[in-house]
Amino acid sequence: PRQPSTLRSSLGRESDVPYGIWGAIADQLGKKEAFKSYYSPLAAPGPTAWISLLQGEPLLILLDELPPYFQAAKATAIGNSDLAEVTTTALSNLLVAVGKDELSNVCVVLSDLRATYEEGSQLILKALQNFEQEIGRSALNLEPVGMNTDELYHILRKRIFKGLPSKEDVKEVANAYGKAIKDAKQMDITNASPEQFAHQIVESYPFHPAIRDLYARFRENPGFQQTRGLIRLMRVITSRLYAEPNGGADKTGLISPYDLDLNDRETLAEITLINPTLENAISHDIASNGQAVAEVMDTNLGGSDARDASKLILVSSLANIPNAVLGLTLSEIISYLCAPGRD
């Protein structure tokens, strides 16, 4: 099959494009003159005009950061309306045109920044609703990283590690964790399934399977960049682990949600970016160069149980949105702490 031509446009950061979204698309196609009648005054091309412009070769149109563009466009008056309204009509007409048989060669992808630009997003939603009503079918909603899948671990492995152990070695680690969970379950301190936990580790290795579930809680925090933010955080955590004298995650075999060095300034900065309201709690309870409550407990009792449990509770409480799930049950904490050789 032929590779499609790709038009990329991040118009949210270019609110001063002179000929609107339609002019930018026509210009990238080398057909700027085809839409000249829609430039002065600015007017929305209809579906027929879009078909005439786009039909032919396979074409992928990527429209990024549109909501802030819509917000800026509201300030540009056009007759009795404004550029935001005209753009909404143009976008709706584009989507209608793409639904026609004549443009079976075209795919349009819109990225949305709903959490940051709610007003602009409503304008995109209006265009999509018009598209659904007029075409009689729904646009396909694509989630960048499916949080109910193992995509997250594939991305982290690809971005952070050059290579991984063999499948047999990974299964050995998974079985050792499964045995630790089984021992805890026999002591009636967790209700986690050893078999299910071992299976999850095979898919998530070298990351602890709890990372995906705990990350899902705070991924909608205002200003957090979801996938990019988690990659950056896990890079910091992993680099700190492998800088340790023991050579990294050898002490457990997995990189766990509690493997945060909160006395490290860079790590603390990443956590503070996710939720800036917990910095005082961190310094009092978890990490203050040996003076925090959990650090004192571990000095007196030995090991790292108090700090690890506290960091688990912290990660599970980073959500900063209404009706968020916060905290963990005792059974969950125990299951996440379970590791080979840990009492």
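Everything numeric in this text was worked out from a predicted model, so none of it was measured.

Things to note about the overall build of the chain
Part 1 of the argument: Secondary structure summary: the chain contains 15 helices and five strands in total.
Part 2 of the argument: Counting every position in the chain, which comprises 343 residues, the buried fraction comes to 44%.
Part 3 of the argument: Of the contacts made within the chain by residues no fewer than 6 positions apart, 67% connect residues no fewer than 24 positions apart.
Part 4 of the argument: Total accessible area computed for the chain in this model is approximately 18400 Å², and 49% of it derives from carbon and sulfur atoms.

Here's the deal with the pattern of salt bridges
Part 1 of the argument: Counted according to the given criterion, the structure contains nine salt bridges.
Part 2 of the argument: Here Glu 270 ties to Arg 232 by a salt bridge, and the two come within 3.1 Å at their closest N and O atoms. Taken together, the residues Glu 270 in helix α11 (residues 265-274) and Arg 232 in helix α10 (residues 226-242) connect sequence positions 38 residues apart.
Part 3 of the argument: A salt bridge links Asp 305 to Arg 342, with the shortest nitrogen-to-oxygen separation between them at 2.8 Å. Here Asp 305, found in helix α14 (residues 305-315), pairs with Arg 342, found in the segment after α15 (330-337); they are 37 residues apart in sequence, far enough to count as distant.
Part 4 of the argument: Residue classification places Asp 305 among the partly exposed positions, given a relative accessible area of 38%.
Part 5 of the argument: Each of the salt bridges in this network shares a partner with another, and the network as a whole consists of Asp 150, Arg 212 and Asp 213.

What about the nonpolar core?
Part 1 of the argument: Counting 37 residues, the largest nonpolar core has Phe 207, Met 234, Leu 262, Ile 271, Leu 312 and Leu 314 as the members making the most contacts within it.
Part 2 of the argument: Looking at this core, the elements that each hand over two or more residues are α6 (151-160), α9 (210-218), α10, α11, α12 (279-286), α14 and α15.
Part 3 of the argument: For this core, the element with the most residues is α10, which contributes six residues.
Part 4 of the argument: Look past the residues within four positions of Leu 262 in its chain and what remains in contact with it is Thr 267, Leu 268, Ile 271, Ile 282, Ile 286, Ala 287, Lys 311 and Leu 314.
Part 5 of the argument: The next biggest cluster of nonpolar side chains, apart from the first, holds 32 residues, and it includes Ala 84, Val 98, Leu 103 and Val 106.

Here we look at a nonpolar patch on the surface
Part 1 of the argument: On the surface, a cluster of nonpolar side chains totalling about 290 Å² of accessible area is made up of Val 293, Met 297 and Leu 301.
Part 2 of the argument: The class of Met 297 is partly exposed, set by a relative accessible area of 39%.

Some points on the environment of Ala 281
Part 1 of the argument: By the secondary structure assignment, Ala 281 is in helix α12.
Part 2 of the argument: In sequence terms Ala 281 and Ala 292 are eleven residues apart; their C-alpha atoms lie 9.6 Å from each other.

A closer look at the environment of Lys 31
Part 1 of the argument: Position of Lys 31 among the secondary structure elements: in the loop between α1 (20-28) and α2 (47-54).
Part 2 of the argument: Distance in space between the C-alpha atoms of Lys 31 and Leu 54 is 9.7 Å, their sequence separation being 23 residues.
Part 3 of the argument: Leaving out residues up to four positions away in the same chain, Lys 31 has contacts with Ala 26, Leu 53 and Gln 55.

Here is what the cut-offs are and how they apply
- Residues numbered from 1 in each chain as written.
- Predicted model: local features only at pLDDT ≥ 70, side-chain atom pairs only at ≥ 80, totals over all residues.
- Heavy atoms only, no water.
- Helix = DSSP H or I, 4+ residues; strand = E, 2+ residues; numbered from the N terminus.
- Buried < 20%, exposed > 50% of the residue type's maximum accessible area, 1.4 Å probe, protein only.
- Contact = heavy atoms within 4.5 Å.
- Areas by Shrake-Rupley, 256 points an atom, 1.4 Å probe, with all protein chains shown as cover.
- Salt bridge = Lys/Arg side-chain N within 4 Å of Asp/Glu carboxyl O.
- Core = buried A, V, L, I, M, F, W, Y, C linked by side-chain atoms within 4.5 Å.
- Patch = residues over 30% accessible without salt bridge, like charges linked within 9 Å, V, L, I, M, F, W, Y side chains within 5 Å.

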